[in-house]
Amino acid sequence: MTAAPEKVLFSQTDVEELMHRFHYSDETKAVIREENLLPTGVLSRLHATFPQHSGMREKEEFHFNDKKQYTGLNGFREINAILEENGIHIGHLEERELFIHVYRFMATKHVLNTINWANFEKDSVFQLVFPQPGMIRPDVAKAYLSASSEEEKMQIVKDYMKETNPHDGKQQINKPTFINTDGEAVVVEGSQHKYPQCQLIFDVQTQNCFAFCNYCFRHAQVRGDEDMFVQRDISQIHDYLKQHKEVSDVLITGGDAGYISADRFENYITPIIEDPELGHIKTIRLGTRVLTFNPELVIMPSYNKMLSLFQKLYDNGIQLVFMSHFSTPRELMNPSTVAAIRRLKAHGATVKSQSPIMNHISLFSDENGEVDVDRSAQNWIDLGNLLAMLGVGFHSMYCARPTGEHHYFTQPLAKINEVFSKVYRSLASINRPSRYITMTSSAGKVSMLGTVDLNGEKLFALKFNEARNMEWMDKVYLTRYDEHENTMANLKPYGADKHFFEEELNAIESHLESSIKTSRKK
C-alpha cells in the first residue's frame, strides 16, 4: 500500500494570504502570480527546513504600515511612539539617540516588520538597525548623559565624530588618477581602484541607504562627511577604463547601489556593451542591501526596466552580480525577499552574499560572556544552506573593520576562527564561503587559514586574497597566536620584526598619496 503523502505546508490560498499580510499592491501581486515568484513547493520546503527562522507562518498584524522609511532622530521617535502604543518599550532612549547624533538612523517598513517584537532584545535584525546601549564608548556616553545643556551635548557629539575612524584602511588613497584626452592629470573623486581587476564607483545617486547598519564601515559616506566619494561624470569612468585593461569588474556601490535609476545605469553599461575598447569588462556588480531592507522594490512593475538591462547584460556575455549582504537566516525567510531573489535570477542576474560576522547580530555569547561557538556557527550553517536552497552564492564572511563602534561588534580572532572552522567543515563544499574568514586593511584583504603548531608554538596562518601587490597573494605567512587580538593587521609577525610586505606597502601608500596631491594641484 502506498503511503499517504505528507500534508502540503503551503497552498495557493496561503500564498494569497501572505501577499495580503505584506500589503502588496494589486500590480505587485500580479507580478508574483504571472512570474511564479512564490511557488508553494519553495515556501513549503523553506519553512519545513528552517521553521525556527521563518516568518512565513506568522499571523500578527504588522505595526508599521504607513511609511516606507523612518529617517533620523524624528524617524526613530516615530518608531518608538508606535511601539509604545503597542505596549513595546525598548528603553535606553537617550543613549540610543546619542548614537543617531554621531552616525545616522534609517529603517524601512519592511525591515521593521521582520523583527520579532515579542523578543526584540535577542532579535538579530533589531540589533542590526537599532542603536544599542553600550555601543558608544562608555566614557563618551556617560559625559553625554550627564551634560547640562543641549550645546554641551552637541559639542560632545562633534568631538567624538572625529574619533570614529570613518576611512579605515586609508580608503582615500584608493582614488585613482589618470591623464585625460586633454593631457590633464585627473583624480577620479568618486571611485576606488585598489585591486587591479575591480574598480569601485560611488555614484551620485547611490549616496543613500535603504536602512543603516549599525556597524557600517562607510559611515563617512552615509552621514555626508566632507571627504566622501561622489561620482557625477559617467564618461570619466569610461575614459579611465579604456586606459586600464586590467579591470574586468566594475562595482557600483555607495551607500546602496539599489538607488541607481535604470536610466543612469543604462548610461554606465551601454558603452561597455557597445564599445570594443571596453570589451575587457566582464562583470558589473551592484553592492546593495535592498534584498534585506526593501525587497519589495524588486518585485514591483516599476523595476521592469532595470530587469531588462540585467537581461541585456546577460545576453551580451556580461555577468550582472547582485552583491547582497545577508548575515542571518531571518533576513531571507519572508515572501518579499524570496520573490525578489527569484525574479532577479529569472532575468539573468547572479545573486551572491558577502556577510560580516558581527557580535550581537551573527556572533553570540553565552551566559558567561564568552563566545558561544556552537550557536554562532549554527547561524552561519543555516544561512549557508538557506542561500543554497535559493540559488544564492555564499561569497564570503569577514570580520568587523576597526571603524565606528568596533569594540561592540568584534570578538577575538581566535574565537572567530573557531566559529568559522565549524561553519566551513559543516557545509557541503559547494555551499561554503568562497574564501576563509577575511579582514580588510590598507594592505589588502587577508584571510585567516587557521592555526599551526611549529616547534611547539601555536601560530596563526594568514594569506592575502586581495592585495595592493597581488603577488603577495602567493605567500602564506605566520603570525604570533594571540587569544585576545581582534584585528588581523595588529597580529605580530613570527620570526621577524616586520611582515614580509610592510616596506613595500609603505612605498606604495606614499606613491599613491603623492600622485593624488600632484594631480589635484595641476
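Described below are features of the structure shown in this document.

Conventions used here
Residues numbered from 1 in each chain as written. Predicted model: local features only at pLDDT ≥ 70, side-chain atom pairs only at ≥ 80, totals over all residues. Heavy atoms only, no water. Helix = DSSP H or I, 4+ residues; strand = E, 2+ residues; numbered from the N terminus. Rg over C-alpha atoms; globule rule 2.2 N^0.38 Å. Buried < 20%, exposed > 50% of the residue type's maximum accessible area, 1.4 Å probe, protein only. Areas by Shrake-Rupley, 256 points an atom, 1.4 Å probe, with all protein chains shown as cover. Lys, Arg positive; Asp, Glu negative; His and termini not counted. Charge placed at Lys NZ, Arg CZ, Asp CG, Glu CD. Salt bridge = Lys/Arg side-chain N within 4 Å of Asp/Glu carboxyl O. Core = buried A, V, L, I, M, F, W, Y, C linked by side-chain atoms within 4.5 Å. Contact = heavy atoms within 4.5 Å. Phe/Tyr/Trp six-rings, centres within 6.5 Å; stacked < 30°, edge-to-face > 60°. Lys NZ or Arg CZ within 6 Å of the ring centre and 35° of its normal. Disulfide = S-S within 2.5 Å. Pairing = 2+ DSSP bridges. Right-handed = clockwise from strand over helix to strand, strands pointing away. Expected span 1.5 Å × (residues − 1). Arc of directions from axis to C-beta.

## Quick word on the overall build of the chain
- Of the regular secondary structure elements, the chain holds 19 helices and 15 strands.
- In terms of C-alpha radius of gyration, the chain reaches 24 Å, essentially the compact-globule figure of 24 Å for 522 residues.
- Taking the principal axes of the C-alpha coordinates as reference, the chain spans close to 70 × 60 × 60 Å.
- Out of the 522 residues in the chain, the part that is buried amounts to 55%.
- Accessible surface, the chain: about 23000 Å² in total, of which carbon and sulfur atoms supply 48%.
- Within the chain, the 69 negative side-chain charges are centred at a point lying 3 Å from the centre of the 57 positive side-chain charges.

## Description of the pattern of salt bridges
- All told, the structure shown has 23 salt bridges when counted by the stated rule.
- Among the salt bridges present, the one from Asp 203 reaches Arg 264, with a minimum N-O distance of 2.8 Å. Pair noted here: Asp 203 is in the loop between strand 6 (198-202) and helix 10 (219-222) and Arg 264 is in helix 12 (residues 262-274), with a separation of 61 residues, a long-range link. One exposure class covers both Asp 203 and Arg 264, and it is buried.
- We note a salt bridge from Asp 275 to Lys 242, for which the minimum N-O separation is 3.2 Å. Here Asp 275, found in the loop between helix 12 and strand 8 (283-287), pairs with Lys 242, found in helix 11 (residues 234-242); they are 33 residues apart in sequence, far enough to count as distant.
- For Asp 275, a relative accessible area of 22% gives the class partly exposed.
- Salt bridges linked by common partners bring Arg 137, Asp 139 and Glu 163 together as one network.

## Quick word on the nonpolar core
- By size, the foremost hydrophobic cluster in this structure holds 142 residues, and its most contacted members are Trp 117, Phe 130, Phe 265, Phe 310, Phe 322 and Leu 344.
- When residues of this core are assigned to their parent elements, the largest contribution, seven residues, is made by helix 16 (residues 373-389).
- Those residues in contact with Phe 265 that sit more than four places away from it in its chain are Ile 252, Ile 260, Ile 284, Leu 286, Met 306, Leu 309, Phe 310, Leu 313 and Leu 320.
- Formed by five residues, the second largest nonpolar core is a distinct cluster that contains Leu 200, Phe 202, Phe 229 and Leu 251.

## Quick word on the packing of aromatic side chains
- Scanning the entire structure with this criterion turns up 34 aromatic pairs.
- Ring centres of Phe 64 and Tyr 70 lie 5.8 Å apart, and the angle between their planes is 75 degrees; on these two criteria the pair is classed as edge-to-face.
- Linked through ring pairs, Phe 64, Tyr 70, Phe 76, Phe 105, Trp 117, Phe 120, Phe 126 and Phe 130 together constitute an aromatic cluster.
- If you follow Lys 153 out to its NZ or CZ, it ends over the ring of Tyr 144, 5.2 Å from the centre.
- Across from the ring centre of Tyr 424, 4.8 Å away, lies the NZ or CZ of Arg 432, which sits over that ring.

## A closer look at the state of the cysteines
- In this structure the tally under the stated criterion is zero disulfides.
- Left without a disulfide partner, Cys 216 is nearest to the cysteine sulfur of Cys 209, which lies 6.2 Å away.
- Free cysteine Cys 399: the closest other cysteine sulfur is in Cys 213, separated by 17 Å.
- By relative accessible area, which is 3% here, Cys 399 ends up buried.

## Describing the pairing of strand 8
- By the criterion of burial, strand 8 is predominantly enclosed, with four of the five residues buried.
- Here four bridges tie strand 7 (residues 249-253) to strand 8, and the two strands are oriented parallel to one another. Bridging across to strand 8, Leu 251 finds its partner in Arg 285.
- Considered for its hand, the β-α-β crossover made up of strand 7, helix 12 and strand 8 is right-handed.
- As paired strands, strand 8 and strand 9 (residues 319-324) are joined by five bridges and run parallel to one another. Within strand 9, the position partnered with Thr 283 by the bridge is Gln 319.

## Brief notes about helix 14 (residues 304-315)
- Its 12 residues place the ends of helix 14 16 Å apart at the C-alpha level, agreeing with the 16 Å of an ideal helix rising 1.5 Å per residue.
- Those residues of helix 14 that fall on the buried side of the exposure criterion are Met 306, Leu 307, Leu 309, Phe 310 and Leu 313. Taken around the axis of helix 14, the buried residues stretch over an arc of 155 degrees, which confines them to a single face.
- Elements in contact with the buried residues of helix 14: helix 12, strand 8, strand 9, helix 15 (335-346) and strand 10 (349-357).
- One or two steps after helix 14, the chain reaches Gly 317, where phi turns positive at roughly 75 degrees.

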